[in-house]
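# Results of the structural survey
One letter stands for each residue in the lines below.
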2 protein chains.
Amino acid sequence: MDAITAHRSTALLTDRYELTMLQAALRSGAAHRRSVFEVFTRRLPDGRRYGVVAGTGRVLDAVADFRFTTPQLDWLADRNVVDDATLRHLADYRFTGDIHGYPEGEVYFPGSPLLTVEGTFAEAVILETVILSILNHDSAIAAAASRMTAAAGDRPVIEMGARRAHEGAAVAAARAAYIAGFSATSDLEAGFAFGIPTTGTAAHAFTLLHDTERDAFTAQIDSMGRGTTLLVDTYDLAEAVRTAVEVAGPTLGAVRIDSGDLTLLAHRVRRQLDDLGAHKTKIIVTSDLDEYAIAALAAAPVDGYGVGTSLVTGSGHPTCAMVYKLVARESVPGGPLVPVAKRSAGGKSSVGGRKWAARRPDADGIAEAEVVGTGPVPAELERHLLHVPLVRAGEIVGRESLDAARERHLRARASLPLSATQLSKGEPVIVTETARPAAD
Amino acid sequence: MDAITAHRSTALLTDRYELTMLQAALRSGAAHRRSVFEVFTRRLPDGRRYGVVAGTGRVLDAVADFRFTTPQLDWLADRNVVDDATLRHLADYRFTGDIHGYPEGEVYFPGSPLLTVEGTFAEAVILETVILSILNHDSAIAAAASRMTAAAGDRPVIEMGARRAHEGAAVAAARAAYIAGFSATSDLEAGFAFGIPTTGTAAHAFTLLHDTERDAFTAQIDSMGRGTTLLVDTYDLAEAVRTAVEVAGPTLGAVRIDSGDLTLLAHRVRRQLDDLGAHKTKIIVTSDLDEYAIAALAAAPVDGYGVGTSLVTGSGHPTCAMVYKLVARESVPGGPLVPVAKRSAGGKSSVGGRKWAARRPDADGIAEAEVVGTGPVPAELERHLLHVPLVRAGEIVGRESLDAARERHLRARASLPLSATQLSKGEPVIVTETARPAAD
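What counts and what doesn't
Counting restarts for each chain, with residues numbered from 1 along the sequence as it is written. Naming scheme: in the order in which they are written, chains are lettered from A and ligands are numbered from 1. Given that the model is predicted, a residue must reach a pLDDT of at least 70 before its local features are reported, and side-chain atom pairs must reach 80 or more before they are shown or counted; all residues, however, enter totals for whole chains, interfaces and linings. To obtain the side-chain values, all non-hydrogen atoms of the structure were used and water was disregarded. Every axis in this analysis is a line fitted to C-alpha atoms, fitted for helices over the stretch in contact. Angles between the N-to-C directions lie between 0 and 180 degrees. By definition, any uninterrupted DSSP run of H or I lasting at least four residues is a helix, any uninterrupted run of E lasting at least two residues is a strand, and each is numbered from the N terminus. Each angle receives one of four descriptions, namely roughly parallel if under 35 degrees, roughly antiparallel if over 145, roughly perpendicular if within 65 to 115, and oblique otherwise. Throughout, a residue-residue contact means that at least one pair of heavy atoms, one from each residue, lies within 4.5 Å. Only Asp, Glu, Lys and Arg are considered charged in this grouping, and only Ala, Val, Leu, Ile, Met, Phe, Trp, Tyr, Cys and Pro are considered nonpolar; every other residue, Gly among them, is considered polar. Any Lys or Arg side-chain nitrogen found within 4 Å of a carboxyl oxygen on Asp or Glu counts as a salt bridge. Relative accessibility under 20% of the residue-type maximum defines a buried residue, over 50% an exposed one, and the middle range a partly exposed one, all with a 1.4 Å probe and only protein chains included. Boundaries between domains were set according to an automatic or database domain assignment. Accessible-area loss on putting two parts together, using a 1.4 Å probe and summing over both, is the definition of buried area adopted here. Grid points spaced at 1 Å over the protein atoms alone were grouped into cavities, where a 1.4 Å probe fits but cannot get out, and pockets, open sets with protein on both sides within 12 Å along at least five of seven lines, with lining residues defined by an atom within 4 Å of a point. Grid points are joined across faces, edges and corners, and a volume is the space filled by probe spheres set on the points. UniProt positions are given in the numbering used here, feature names are shortened, and annotations may be inferred rather than shown by experiment. Pairing of N or O atoms within 3.5 Å defines a polar contact, subject to two protein rules: one partner must be a possible hydrogen donor and the other a possible acceptor, and residues neighboring in sequence count only if both atoms are side-chain atoms. Being paired, for any two strands, means DSSP has found at least two bridges between them. Take the buried Ala, Val, Leu, Ile, Met, Phe, Trp, Tyr and Cys residues and link them wherever side-chain atoms come within 4.5 Å; each set so joined is a nonpolar core. Charge assignment: positive for Lys and Arg, negative for Asp and Glu; neither His nor the chain ends contribute. Each helix crossing is assigned a hand: it is left-handed if the near helix lies turned anticlockwise from the far helix by less than a right angle, otherwise right-handed if that turn is clockwise. When the copies are superposed, the least-squares fit takes in the C-alpha atoms of residues with a pLDDT of at least 70 in both. Ring pairs shown here join Phe, Tyr and Trp side chains whose ring centres sit within 6.5 Å, with only the six-membered ring taken for Trp; geometry is labelled stacked below 30 degrees between planes, edge-to-face above 60, and tilted in between. In this scheme, a helix's expected span is set at 1.5 Å multiplied by one less than its residue total.

### Notes on the packing of helix H1 (residues 16-28) of chain A against helix H4 (residues 84-91) of chain A
Residues and elements named next belong to chain A. Axis separation between H1 and H4 bottoms out at 9 Å; the angle between their running directions is 110°. Considering the angle they form, H1 stands roughly perpendicular to H4. For the pair formed by H1 and H4, the contact residues are Leu 19, Leu 22, Gln 23 and Leu 26 on the first element and Thr 86, His 89 and Leu 90 on the second. Residues of the contact of H1 with H4, tallied by class, amount to four nonpolar, three polar and no charged.

### Quick word on the pattern of salt bridges
Inspection of every chain in the model, using the stated rule, returns 52 salt bridges over all chains. For A:Arg79, the salt bridge is made with A:Asp78, and the minimal N-O distance between the two is 3.5 Å. By relative accessible area, which is 57% here, A:Asp78 ends up exposed. Salt bridges here are not isolated pairs; linked through shared partners, they connect A:Arg8, A:Arg58, A:Asp138 and B:Glu167.

### Some points on the domain arrangement of chain A
All names here are of chain A. Domain annotation of chain A identifies domain 1 (16-126 + 322-434) and domain 2 (142-316). Here the C-alpha centre of domain 2 lies 38 Å away from the C-alpha centre of domain 1. With 18 residues of domain 1 at the interface, the matching set in domain 2 holds 24 residues. Carbon and sulfur atoms supply 59% of the area that domain 1 and domain 2 bury against each other, a total of about 1,700 Å² over both sides.

### Considering empty space enclosed by the protein
Counted under the stated rule, the structure contains six cavities of 30 Å³ or more. Looking at the largest cavity, its volume works out to about 210 Å³. Taken together, 19 residues make up the lining of the largest cavity; nearest its centre are A:His137, A:Val312, B:His137, B:Val312 and B:Pro318. Every element with two or more residues in the lining of the largest cavity is listed here: helix H6 (128-152) and helix H7 (167-179) of chain B. Along the lines of polarity and charge, the residues of the lining of the largest cavity split into ten nonpolar, seven polar and two charged.

### Remarks on the UniProt feature "domain: Nicotinate phosphoribosyltransferase N-terminal" (unreviewed entry) in chain A
UniProt feature "domain: Nicotinate phosphoribosyltransferase N-terminal" (unreviewed entry): in the numbering of this structure it lies at residues 12-136 of chain A. Annotation note: span residues 12-136 of chain A, helix share 42%, strand share 17%, distance between end C-alpha atoms 18 Å.

### Concerning the interface of chain A and chain B
One frequently used descriptor of interface size is the decrease in accessible area upon assembly of the parts. Every contact between the two is made by 107 residues of chain A and, on the other side, 107 residues of chain B. Overall, the association of chain A and chain B removes approximately 8,900 Å² of surface from exposure, summing both partners, and the carbon and sulfur fraction of that is 59%. Here chain A and chain B share 16 salt bridges between them. The tally of links between chain A and chain B comes to 54 residue pairs in polar contact (both at pLDDT 80 or more). Looking at the side of chain A that touches chain B element by element, the count peaks at eleven residues for H1(A). Among the residues forming the side of chain A that touches chain B, the class breakdown is 45 nonpolar, 36 polar and 26 charged.

### Some remarks on the sheet that holds strand S14 (residues 323-330) of chain B
Residues and elements named next belong to chain B. The antiparallel open sheet is built from seven strands, whose spatial order is S15-S14-S3-S7-S5-S18-S19. Unpaired on one side and paired on the other, strand S15 (337-339) and strand S19 (395-396) mark the two borders of the sheet. The pairing of strand S18 (residues 388-392) with S19 spans two bridges and is classified as antiparallel. Bridge pairing links Arg 392 to Glu 395 in S19.

### Quick look at the nonpolar core
If you look at the biggest cluster of nonpolar residues, it comprises 76 residues, and the most contacted ones within it are B:Phe68 and B:Leu76. In contact with B:Phe68, other than residues within four places in its own chain, are B:Ala11, B:Leu12, B:Leu19, B:Leu73, B:Leu76, B:Leu90, B:Tyr93 and B:Ile126. By size, the runner-up hydrophobic cluster in this structure holds 75 residues, among which are A:Leu60, A:Tyr108, A:Leu115 and A:Ala357.

### Topic: the side chain of B:Glu123
Considering the arrangement of structural elements, one finds B:Glu123 in helix H5 (residues 121-125). In this structure, B:Glu123 is buried with no salt-bridge partner, the nearest side chain bearing the opposite charge being B:Arg34 at 5.0 Å.

### Some thoughts on the packing of H6(B) against H7(B)
All names here are of chain B. In the contact formed by H6 and H7, the axes pass within 8 Å of each other and the chain directions differ by 45°. As judged from the angle between their axes, H6 and H7 are oblique. The element H6 and its partner H7 pack so that their crossing is right-handed. Residue-level inspection shows His 137, Asp 138, Ile 141, Ala 142 and Ala 145 of H6 in contact with H7, the latter providing Ala 169, Ala 172, Ala 173, Arg 175, Ala 176 and Ala 177. Each residue belonging to the contact of H6 with H7 can be placed in one class, and the counts come to eight nonpolar, one polar and two charged.

### Quick look at the relation of the copies chain A and chain B
When chain A is brought onto chain B, the operation consists of a screw motion whose angular component is 180° and whose axial shift is 0.0 Å, with 0.0 Å RMSD remaining. In short, the pair behaves as if placed about a two-fold rotation axis. Looking at chain A, 100% of its interface residues are interface residues in chain B too, so the copies touch through the same face.

### Describing the environment of B:Asp233
Among the secondary structure elements, B:Asp233 is positioned in the loop between strand S10 (229-231) and helix H11 (237-248). A relative accessible area of 3% places B:Asp233 in the buried class. Expressed as a C-alpha distance, the spacing of B:Asp233 and B:Arg268, which sit 35 residues apart in the sequence, is 13 Å. If near-sequence neighbours (up to four positions away) are discounted, B:Asp233 is found in contact with A:Lys342, A:Ser344, B:His204, B:Arg256, B:Ile257, B:Asp258 and B:Ser259. Among the polar contacts listed, one links the side chain of B:Asp233 to the side chain of B:Ser259, at a separation of 2.5 Å.

### Focus: the packing of aromatic side chains
The description of an aromatic ring pair uses the distance of the two centres, along with the angle that the planes make with each other. All names here are of chain B. Enumeration according to the criterion identifies ten aromatic pairs over all chains in this entry. Measuring from centroid to centroid gives 4.9 Å for Phe 37 and Tyr 324, while their planes differ by 20°, and the two rings are stacked. Taken together, the residues span a long stretch of sequence, with Phe 37 in strand S3 (residues 34-40) and Tyr 324 in strand S14 at a distance of 287 residues. In terms of burial, Phe 37 and Tyr 324 fall into one category: buried.

### Examining the pairing of strand S7 (residues 115-120) of chain B
Residue and element names in this part refer to chain B. With five of six residues buried, S7 lies mostly within the body of the structure. Bridge analysis of S3 against S7 gives six bridges, and the strand direction is antiparallel. Its bridge partner being in S7, Glu 38 is matched across the sheet by Thr 116. Pairing between strand S5 (residues 98-101) and S7: four bridges, direction antiparallel. Opposite His 100, over in S7, you have Thr 116 as the bridge partner.

### Focus: the environment of B:Thr129
Along the chain, the position of B:Thr129 falls in helix H6. Distance from B:Thr129 to B:Tyr17, taken between C-alpha atoms, is 10.0 Å for residues 112 residues apart in sequence. Ignoring sequence-local partners within four residues, the contact set of B:Thr129 consists of A:Ala162, A:Arg163, B:Leu13, B:Thr14, B:Asp15 and B:Glu18. Within the structure, B:Thr129 has its side chain in polar contact with the backbone nitrogen of B:Asp15 (distance 3.0 Å).

### Topic: helix H6 (residues 128-152) of chain A
Residue and element names in this part refer to chain A. Helix length check: H6, at 25 residues, gives a terminal C-alpha distance of 36 Å against a target of 36 Å (1.5 Å per residue), a fit within 8%. The buried count for H6 comes to 23 of 25 residues, which makes it a mostly enclosed element. Phi turns positive one or two residues past the end of H6, at Gly 153, with a value near 60°.

### Considerations on helix H10 (residues 213-224) of chain B
Residues and elements named next belong to chain B. For H10, built from twelve residues, the straight-helix expectation of 16 Å at 1.5 Å per residue is met to within 8% by its first-to-last C-alpha distance of 16 Å. Among the residues of H10, Glu 213, Ala 216, Phe 217, Ala 219, Gln 220, Ile 221 and Ser 223 are the ones counted as buried. Looking one or two residues beyond H10, the residue adopting positive phi is Gly 225, at roughly 85°.

This is the structure:
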């Protein structure tokens, strides 16, 4: 029994059509054309002012683990998913191409070329599903998390949404939230797998288990010490706070309120704690919070927030609209890359060509435009390019610590115009400009 | 490298406070009190008329795999999550209690006691997080999926949302969708892990890879035969349909339209296919569909639907509000179970006591009420009880095939009043009644 995040094959986290396209392209010969795929999004979720890149580190692991095992190959054969020639190709599969992209924690906008995957069509096309799964999920969570940490200011925000998300998604959500500034998670697997600080003390069940609330509080203090957080809203709040301070003394670490009108109750509990001499006892609130509720509590005497459902569901936007599109490919082996793009009248069009991206600052160093182009990079933008190398000739070169991504996010968010962190609906906080393509 | 769904420990898919509660309860002695936890929800998502139970089979696997491995125990020790006595307890952990619940595919309503977990507090409390993660996610997907299959009537609906969901959640979503009547999935891992039929042929990238659309169609037909589905909206739709029938002949399996005004285009393409003699060539549509779009296409000449984003995000409700609450426990070893309940003024109250549930039919056999009680079961409801045994003394007894759950769902949905499948917002389609508790 390995941990859920231990090494495993990611190869079947893939839409069937990737493999049938591969089969047909192997047969037509086009499979070996050098190709460039781009991850981008045409729009941010309605009213959001910036996006947050998250999942890049997990994408790198998924690419490294993209190998077909014998049981997988046997299953593909057994179900006639692809023919023998394709199975032989898959048995030897490893990605040998290049990946560049926005580093994790960076912000993004409509049209930002978030990831560029370059290799043969055969090796690049089949990475589509798992790359999009990871980036679409993790970036959606990080975007919501970033709004919450911005609203919370200096107060810590704790992720505790595991029970409201798929058990694996919950672990990834804790990771994405940490990148966007959350201070800890309730999810032990997220601590085990990614080193994120974990936290938690007790639920209502612990109080209900004991014959009296006093018994429960005494048991908790005996076990965890006076610095623990007591949950005070199982029966009567005021009585619970009184009992808590009686049992723990005035050095009680914190009380947690998990229901009711939190602004009102926080003021009332603060007053009561102060009257009882527990001036340093903190107040943690945790009931159905989102970024709006956090902002509304800014003036309340609250010391920390726990966020569950709205974090793991992306606060109304549980996924991003990122797509993975072929933007250029060879026509003849070794020939130049030809830009390609869908162009039907029905929408979903794309822009052909391998792209660079830069974020242009104004005179004060505040971002004023996302500039995307396909030709040579204008000299004045060279210092502001956004892509970093992630995979070179199949070798992963872009691994970094979560703390590096976390710091990058705080820096990137701080470099945006102030209106970026307004919670009301609005347009993307900077425009995306297309640099006039040079002749190439 | 195992597949993502291969055996693994689920023990750390757990909120930290479960383990700290365990530690404190081991110390106070209350950990050994026989306890009953109940999974229920206070409400359905806004406007939904019924819920759908999904994930039960995955819960059983998660309970079986809930064992702490040595690296996990070492990590818990290293981070001082719990003390040595608790670590020793965890090292030997296996669930030895009983679980009853609604079988998978069944429908449910506010207050339905979906799952009852009975054992010592120590063994039952720590299952909370992973049980809720699974049921909240899978049931949210199944509820959306059920609305979509109801709207689609006899036309097949294909799940293709993997790229818009966490890669592990996507596999669970395909499973939940299948239970709620979807016919197939794009996700190979869902086929590999759960035996769900998989489907898929080609994306726009395949057309763009080739020098002409004709080359691409020819390559696909060569590889997959004339029965394949050609994607016809990369460049000009009418030209693509003409080329498709020229290349494949009138026995072409299907064309897929993935953008634009699908009602209009379906009519136009049907006419064109008929004019070209391809009367049996089917039309599959796949662009941002949800249950409303599916219903709107009822009169269009469409033969199948592919649904992505809105399926994997629960069509606006990506999670359920299921909770896991202690409802009864011993006060003295071997003594009677005492009902317990949170009762603070702040909300989130629960109803104490171990519950039964039955769905009472009217004279025509149509459901008219969900009846929930804590005392003896009235004789006339005995035939209509909803709980089935899932785990007995730690042994899993409730495993069944996905097809059994799928058939159950179609039966359960069909037994509801007709307004259940109205898509407009409304109240739960039957009321939940509380049976007057008998003296006990």
